[in-house]
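In case you want the letters, here they are:
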Amino acid sequence: MLYSDWTLSNNEYDPKERQARDALFSTGNGYFGIRGFFEEDNETIGANGGIYMTGVFGMGSYDAWEGKSSELCNLPNVLRVCISCNDEDIDGFSSISDFSQSLDMKKGVYARRYLWKTSDGRRLELCFERFASMHDIHRIGQRITIKALDKIDNLSVAALLDSDVTNLNLASGEPFPIQPGRNHFISRNVRTNALSVTLDDPDSTVLNFAQQTFAYLNGKAVTGRITTNSKACGTAYTCSLNKNEVFTLEKIIFAVTSLDESLNPEQEIEDFLSKPASYEQELARHCSALSDKWRVADIEIDTNTTDLTIVRYNIYQLLCVCPEHTDRFGIGARGLTGEMYEGCVFWDNEIFVLPFFLYTNPSAARKQLMFRYHTLDAARRHAKNNWFEGAMYPWQVDRKGVEQTPVNCGAFYAIHITGDIAFTICRYWELTQDDEFMLSYGAEILYETARFWVSRCDYNSFDGRYHILSVRGPNEYDVYVNDNAFTNMMAVYNLKSVNSVFKKLKERHPDEFDKLFKRLGASHEEISKFCEVADKLNIPYNAQMDLYLEDDTYLIRRKLDLKRAKPTKKRIIDSTLPYEALPLYQVTKQADTVLLCCLFPHLFTKRQKENVYKFYEPRTAHDSSLSYSPHGILAADIGLHEEAYRYFKESAYLDVNDLQLNTINGLHFANFGGTWQIVFHGFAGISASNGKLYIKPALPTQWNRISLHCLFLKQTVKITIDKSSIAVKRLDGDTPLTVCVNNQDYLIDDKPLTIDY
Ligand code: BGC
């Protein structure tokens, strides 16, 4: 892999690596996610493309908790192109040389180039370029340039919208090529350069696509002919090329679906087809919209390493996945870059991904939290179906918020997600002071989830404490335990938040608060109960060791020889021991108590954090991509600079190095958010608490300076940190901000301030 400031590229062509690289070179705009597949591939699973849309699910293959499961649907391959040269197909496989593929993250353009030789030795240079427009999210641009390096008598290029695709169903570790999956289209309507399909989901979602194509020979327009069959449509071009002549195809795709709440999708398609689009113009608009996003999102790092590019790559993928156009869908664990976990949304979103948006684009974060509000009824149903009160957020959800984990596979235990959502709602409010959100939506979620915790906790009259029994914390190798500290502390926070949030809302908005109180059927007795349960909820802790315990039995379990249990990069459960064996051992799948220290940096003493890190780190298998970043953040916090940097590397380069051996199935979005968090919370040491921004830098020795922006209390702040000083500048707004460095408060008004640390 090659790194230059804004570009990630690869010059090696290895057919075996192709599918994993397809994921790596994904691009998107929050509406579409497009893998870096070869659009000219007619032969292999690559012919299925790999294009996804936020919220577009087909019928899955197993029984979930309320009927058949859903799975993210692989869309018609709207980038498909069939290219042949003197009647030989160019399929992007056999005769490739001088290959390169690159992602320009500043422009948001993915490009590919190679030389191709026909069987009689004639050479062509092919360049492919694509983008998903950040300006008009319904549009995708594609440009293909073919240069004849020898005379070519007959070049044929057909630009298609092709619904003859299936889901990819890629499986890591499987021999290549790998099992294709289902086709989700129950009907198709193929017209001239326009195609609609109806999905097999319960809503019979309809997806409409149209394309405009333009072709040029040495810059002069070439006329094409319409081509259609029962599954595909498009425009085909043929020409002959003298040596050094260039054929160019430009195409703009437009899509609208029945989920867009468009009043008249058919009309929108007609409107698109009737107004000629221009590739260059679309590209320019897209680049400018993306550069607006980078203005706040970018992190500049002065370093001799490749870290600047890789941090940008992590951020770029977060920008590409975020559905800013809607509050009806969440961000899936693999975003829109692969089909693993069926495209579902987990706690990954609240705890790992959303902090990036909370600090750089709070309105996008609000929309993600609104997704949880819109699915609150599903969470209420889930609680009721499982004999609890209030709202129990399911572990893994589709766009309707319904539990998608296969039945009997642990979702009943994985309840910390409910507290994670409540926690992030409070973080959003603390950082934005968006009272309207809290009054109208957030408080209802807090109250209903608090009701759930009360009904989920059990009182033990022998020790006078509440306990949460049969639960699975972030460390899923526990299988299930009693009193997972992470779950219990999130529950405590959730339960206590009702009282503290209500107090403030009542003070600031007495009338609206009264209405809210009535709407929730709230009572002071119930709120006192929330507080009582919170106060008496058991948090496992060993006073002798001053150590928070993952659960009530962790200390008495057997030690596990991790070298033996995990001799390779493969997860323990995929290599040496069955899942059932793991509760016998002190083994942690992924950051659990370590993560707790990151989420509540002001709650634990330095000694307690050190104890947690020293105890759990050697017992952690990192068998999930969610493990590295919390270790990096905590290591930075307690001054273990080299460890922090090592974990940063694991996290930031995870997909590039295919560390979890499953990048083929889609990129790891929690990890992208986690990488941003190591830089922001760890190296820059920024956190917010009680209306103040705390800055406690811990720059890696390999970095000289970082500069970033964040939004705090609706104002944009620029923070630049070098080896000895912190420069803070407020870029907008007029409220003084308090920044705390080394226990000293500084007021930031119009004037920039430099603080030595
Ligand atoms: C992790 C979970 C995570 C899920 C989706 C699992 O391997 O253990 O914590 O939510 O992957 O990313």
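About the criteria used
- Residues numbered from 1 in each chain as written.
- Predicted model: local features only at pLDDT ≥ 70, side-chain atom pairs only at ≥ 80, totals over all residues.
- Heavy atoms only, no water.
- Helix = DSSP H or I, 4+ residues; strand = E, 2+ residues; numbered from the N terminus.
- Rg over C-alpha atoms; globule rule 2.2 N^0.38 Å.
- Buried < 20%, exposed > 50% of the residue type's maximum accessible area, 1.4 Å probe, protein only.
- Areas by Shrake-Rupley, 256 points an atom, 1.4 Å probe, with all protein chains shown as cover.
- Domains from an automatic or database assignment.
- Contact = heavy atoms within 4.5 Å.
- Salt bridge = Lys/Arg side-chain N within 4 Å of Asp/Glu carboxyl O.
- Polar contact = N/O pair within 3.5 Å; in protein donor to acceptor, adjacent residues only side chain to side chain.
- Nonpolar A, V, L, I, M, F, W, Y, C, P; charged D, E, K, R; others polar.
- Disulfide = S-S within 2.5 Å.
- Pairing = 2+ DSSP bridges.
- Core = buried A, V, L, I, M, F, W, Y, C linked by side-chain atoms within 4.5 Å.

### Considering the overall build of the protein
Reasoning step 1: Across its full length, the protein carries 19 helices and 36 strands.
Reasoning step 2: Compactness check: the protein gives a C-alpha radius of gyration of 27 Å against a globular reference of 27 Å for 757 residues, within 12% of the reference.
Reasoning step 3: Seen along its three principal axes, the alpha-carbon backbone of the protein occupies a region of about 85 × 60 × 55 Å.
Reasoning step 4: Each of the 757 residues in the protein was classed as buried or not, and the buried ones make up 62%.
Reasoning step 5: Carbon and sulfur atoms provide 48% of the accessible area of the protein, an area that totals close to 28200 Å².

### Here's the deal with the domain arrangement of the protein
Reasoning step 1: Per the domain assignment, the segments making up the protein are domain 1 (32-296) and domain 2 (307-683).
Reasoning step 2: Taken over C-alpha atoms, the centre of domain 1 sits 37 Å from the centre of domain 2.
Reasoning step 3: Taken residue by residue, the interface counts 40 residues in domain 1 and 41 residues in domain 2.
Reasoning step 4: Where domain 1 meets domain 2, there are five salt bridges.
Reasoning step 5: We note a salt bridge from Asp-203 to Lys-400, for which the minimum N-O separation is 2.8 Å.
Reasoning step 6: At the surface where domain 1 touches domain 2, the tally comes to 18 residue pairs in polar contact (both at pLDDT 80 or more).
Reasoning step 7: When residues of the side of domain 1 that touches domain 2 are traced back to their parent elements, those giving at least two are strand E4 (32-34), strand E5 (51-53), strand E6 (57-64), strand E7 (67-72) and helix H3 (279-297).
Reasoning step 8: A class-by-class count of the residues in the side of domain 1 that touches domain 2 yields 22 nonpolar, 11 polar and seven charged.

### A closer look at the state of the cysteines
Reasoning step 1: Taken as a whole and assessed by the stated rule, the structure comprises zero disulfides.
Reasoning step 2: The thiol of Cys-85 is not disulfide-bonded; the next cysteine sulfur, from Cys-239, is found 9.9 Å away.
Reasoning step 3: For Cys-127, which is in no disulfide, the shortest distance to another cysteine sulfur is to Cys-85 and amounts to 15 Å.
Reasoning step 4: What makes Cys-127 partly exposed here is its relative accessible area of 24%.

### Topic: the sheet that holds strand E3 (residues 27-28)
Reasoning step 1: One open sheet holds the three strands; their spatial order is E3-E4-E5, and the pairing between them is antiparallel. In this open sheet, the two edge strands, each paired with only one partner strand, are E3 and E5.
Reasoning step 2: By the bridge criterion, three bridges tie E4 to E5 in an arrangement that is antiparallel. Its bridge partner being in E5, Phe-32 is matched across the sheet by Met-53.

### Concerning the nonpolar core
Nonpolar side chains tend toward joint burial in soluble globular proteins.
Reasoning step 1: Counting 164 residues, the largest nonpolar core has Trp-347, Phe-357, Phe-502, Phe-648 and Ile-719 as its most contacted members.
Reasoning step 2: Here this core takes 11 residues from helix H10 (residues 485-508), the largest share from any one element.
Reasoning step 3: Each of domain 1 (32-296) and domain 2 (307-683) accounts for three or more of the residues forming this core.
Reasoning step 4: Excluding anything up to four places from it in sequence, Phe-648 contacts Asp-307, Ile-310, Val-311, Thr-675, Ile-678, Val-679, Phe-683 and Trp-703.

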